[in-house]
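Each chain, written out:
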Amino acid sequence: MNVLVTGGAGFIGSNFIRYSMENHPAYRIINYDKLTYAGNLENLAGIEKNPQYVFEKGDICDKHNVLRCLKEYRIDMLVHFAAESHVDRSILGSAEFVQTNFVGTSILLDAAKEIGVNRFLQVSTDEVYGSLGDSGSFTEATPLHPNSPYSATKASADMLALAYQHTFGLPVILTRCSNNYGPYQFPEKLIPLMIVNAMHDKPLPVYGDGMNVRDWLHVLDHCSAIDAVLHGGTIGEVYNIGGNHEKPNLEIVRLILKNLNKPESLITYVKDRPGHDRRYAIDSGKIQRELGWQPSYSFERGISETIKWYVNNQSWWTRIISGKYQEYYNVMYGGREVVK
Ligand code: NAD
Ligand code: DAU
């Protein structure tokens, strides 16, 4: 079985490649990644020489290269992670998001249709459903209501993928997952950013009142869910994936500080993210009932292992934060208004 993983040098993609290599030793995994600021081959250190694994540097927007790869490696299944994934960056500018998340997905769909794959798994997000009030959760039937440029491009790509299934019979399946955390997450996202800043005794920038709620899922539980859908999911269906660990941001930030033995005075309330979604919560009943998937990590175990991982892998993130990322950090937080 030849599996093309797009975006395999990113956070979830690299965890998924490790997971798949362990669980499917007969599979050949082709990692197709452009290596943007978020792509890092160090995430896959140790597996480069494994004959089961091939790295192809390439852009999903490059039609000829995508098609060449699909043909050359006789791809059976395609798991599509590659994306611009950070909401704040999409607010600074949406062009890259439209290009990679929408145009890139359309190019992959065309190429997959041309060679005739057995599965096209589109990895999507709960953010396509928009924002919730104080109660309720997203089901697969919740209407799409994306609020950020990022989620708008992901929702558009989802619709295109489902249209290819309906119109051409391409074997597309979609997953929509809540917030992931765990090793190798780029330190622009809430949990690794707060860990890294706390370790440097830098301010922890909490947006708005800190009471926005996210549902946290350990990345390895996301990997096992994708694996279950890839092998057992029904073509044309959508599967929501969540951790059932809803937490306000402030609770997470306080937990990180406590764990690292740092003072709460590091918490700095900054101007809110424009259009900030208030609450996400996922109903994962369908994947649990139909495919028997369950998350295996408690939040307490997952967060404490994750904090330890960042403490023990400082060279990994030091290289990132001392590079080009610093420019983004200065733009994002340098002049950001402190509100309390
Ligand atoms: P990430 O930003 O860590 O990694 C993205 C990867 O895609 C990088 O390796 C990057 O180099 C690659 N890439 C970007 N543009 C590319 C292009 N044009 N061609 C080829 N490769 C390209 O992202 P992540 O957090 O691992 O997210 C992976 C996927 O999962 C995304 O589709 C995202 O929307 C989705 N998702 C993420 C979360 C989360 O909490 N992180 C939750 C639900 C869904
Ligand atoms: O829900 C799934 C989505 O989760 C994925 O589709 C996205 O790719 C992923 O980036 C993530 O999006 P969020 O915007 O929810 O994640 P982020 O880590 O950026 O922010 C989490 C919450 O923390 C959100 O309410 C904003 C807040 N936040 C974030 C940062 C970076 C802060 O308060 N301060 C910060 O500095």
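Residues numbered from 1 in each chain as written. Chains lettered and ligands numbered in written order. Predicted model: local features only at pLDDT ≥ 70, side-chain atom pairs only at ≥ 80, totals over all residues. Heavy atoms only, no water.

Q: Explain the layout of surface pockets to me, please; I cannot follow it from the model alone.
A: Sizing a probe to match a water molecule and rolling it over the atoms shows the empty space that remains. There is about 180 Å³ of room inside the largest pocket. As for the largest pocket, its lining consists of Tyr37, Arg89, Phe186, Ile320, Gly323, Lys324, Tyr325, Glu327 and Tyr328. The greatest single-element share of the lining of the largest pocket, amounting to 3 residues, is contributed by helix H12 (residues 325–334). Here the residues of the lining of the largest pocket are counted per class, giving 5 nonpolar, 1 polar and 3 charged. (1 Å grid on protein atoms, 1.4 Å probe; cavity = no way out; pocket = protein on both sides within 12 Å on 5 of 7 lines; lining within 4 Å. Points joined across faces, edges and corners; volume = space filled by probe spheres on them. Helix = DSSP H or I, 4+ residues; strand = E, 2+ residues; numbered from the N terminus. Nonpolar A, V, L, I, M, F, W, Y, C, P; charged D, E, K, R; others polar.)

Q: Could you clarify how one ought to interpret the site of ligand 2 in this entry?
A: If you check the shell around ligand 2, you find 26 residues, and the closest are Thr125, Asp126, Tyr150, Arg273 and His276. Tyrosine 150 has a polar side-chain atom sitting 2.6 Å from an oxygen atom of ligand 2. Residue arginine 214 places a side-chain N or O atom 2.8 Å away from an oxygen atom belonging to ligand 2. Against a free-state accessible area of 680 Å², the protein chains account for coverage of 95% of ligand 2. Broken down by secondary-structure element, the contributors of at least two residues to the shell around ligand 2 are helix H3 (87–92), helix H6 (190–199) and strand E8 (204–207). Along the lines of polarity and charge, the residues of the shell around ligand 2 split into 11 nonpolar, 8 polar and 7 charged. Residue contributions to the shell around ligand 2 reach at least three from each of two domains, namely domain 1 (2–181 + 215–241) and domain 2 (190–214 + 248–277 + 299–333). (Near = heavy atom within 4 Å. Polar contact = N/O pair within 3.5 Å; in protein donor to acceptor, adjacent residues only side chain to side chain. Areas by Shrake-Rupley, 256 points an atom, 1.4 Å probe, with all protein chains shown as cover. Domains from an automatic or database assignment.)

Q: Looking at this structure, I do not really get the pattern of salt bridges. What am I missing?
A: One side chain can pair with another of opposite charge once the charged atoms of both are near each other. The tally for this structure, following the rule as stated, stands at 16 salt bridges. Of the charged contacts, one joins aspartate 201 and lysine 262 as a salt bridge, the two residues approaching to 2.9 Å between their closest N and O atoms. Of this pair, aspartate 201 sits in the loop between H6 and E8 while lysine 262 sits in the loop between helix H8 (249–259) and strand E12 (267–270), and the two are 61 residues apart along the sequence. Take aspartate 201: its relative accessible area is 48%, and that puts it in the partly exposed class. With relative accessibility at 24%, the residue lysine 262 sits in the partly exposed group. One network of salt bridges, in which partners are shared, links Glu56, Arg68 and Glu72. (Salt bridge = Lys/Arg side-chain N within 4 Å of Asp/Glu carboxyl O. Buried < 20%, exposed > 50% of the residue type's maximum accessible area, 1.4 Å probe, protein only.)

Q: Quick question: what am I supposed to make of the environment of leucine 250 here?
A: Positionally, leucine 250 belongs in helix H8. Residue class for leucine 250 comes out buried when judged on its relative accessible area of 7%. It is 18 Å that separates the C-alpha atoms of leucine 250 and tyrosine 333, two residues lying 83 residues apart in sequence. Those residues in contact with leucine 250 that lie beyond four places of it in its chain are Val206, Asp209, Gly210, Met211, Ile267 and Tyr269. (Contact = heavy atoms within 4.5 Å.)

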